[in-house]
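Examining the three-dimensional arrangement
This is what each chain is made of:
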Amino acid sequence: MGLLTRRKNKKFSYTPRYYKNEKEGSPFEINQKFDSYRNTIEPAKGLKGKFSTAWDEYRSNPKSSANKRVLYICIVLLILFLFIIDFDLSIFFKR
C-alpha cells in the first residue's frame, strides 16, 4: 500500500447456485446508469489524463445547453471568488 496511491475496491462476482446463464451478462451485475454514455469512467493515467479525457468529453457533447450551463456556472463562481478576495478592477484602467 503506497502513500500516494489509492486502494482499489474489491470486485466480487456473484452467481447464484442454480442460475443458468443463457444470455450475455449477469442480471446481478451492478452497473451505473450512464456508464455507456461517458468515456471518463475508465481509470485515468494521472492528472493530465483526467483533464484531457474530461475536456474531450466536454467538446464532444452534442448538447450545447449543458456546455453553456457549465460555462455560466464557471463564470458565476469566478465572479464570486473575485468578490470574496476583494479584487480591484481599477488596475486595468489607466488614469
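Reference entry: report on the structure contained in this document.

Criteria and thresholds
- Residues numbered from 1 in each chain as written.
- Predicted model: local features only at pLDDT ≥ 70, side-chain atom pairs only at ≥ 80, totals over all residues.
- Heavy atoms only, no water.
- Helix = DSSP H or I, 4+ residues; strand = E, 2+ residues; numbered from the N terminus.
- Buried < 20%, exposed > 50% of the residue type's maximum accessible area, 1.4 Å probe, protein only.
- Areas by Shrake-Rupley, 256 points an atom, 1.4 Å probe, with all protein chains shown as cover.
- Polar contact = N/O pair within 3.5 Å; in protein donor to acceptor, adjacent residues only side chain to side chain.

Time to look at the overall build of the chain. Within the chain, the regular secondary structure consists of two helices and zero strands. Across the 95 residues in the chain, those meeting the buried criterion constitute 2%. Approximately 10700 Å² of the chain is accessible, and the part contributed by carbon and sulfur atoms is 60%.

In this model, Asp86 sits at a positive phi of 60 degrees, which is unusual for a non-glycine residue. Among the structural elements, Asp86 can be located in the segment after α2 (64–84). Judged by its relative accessible area of 65%, Asp86 is exposed.

Further remarks concern the environment of Ser52. With respect to the secondary-structure elements, Ser52 resides in helix α1 (residues 47–59). Here Gly49 takes part through its backbone oxygen, which lies 3.0 Å from a polar atom of the side chain of Ser52.

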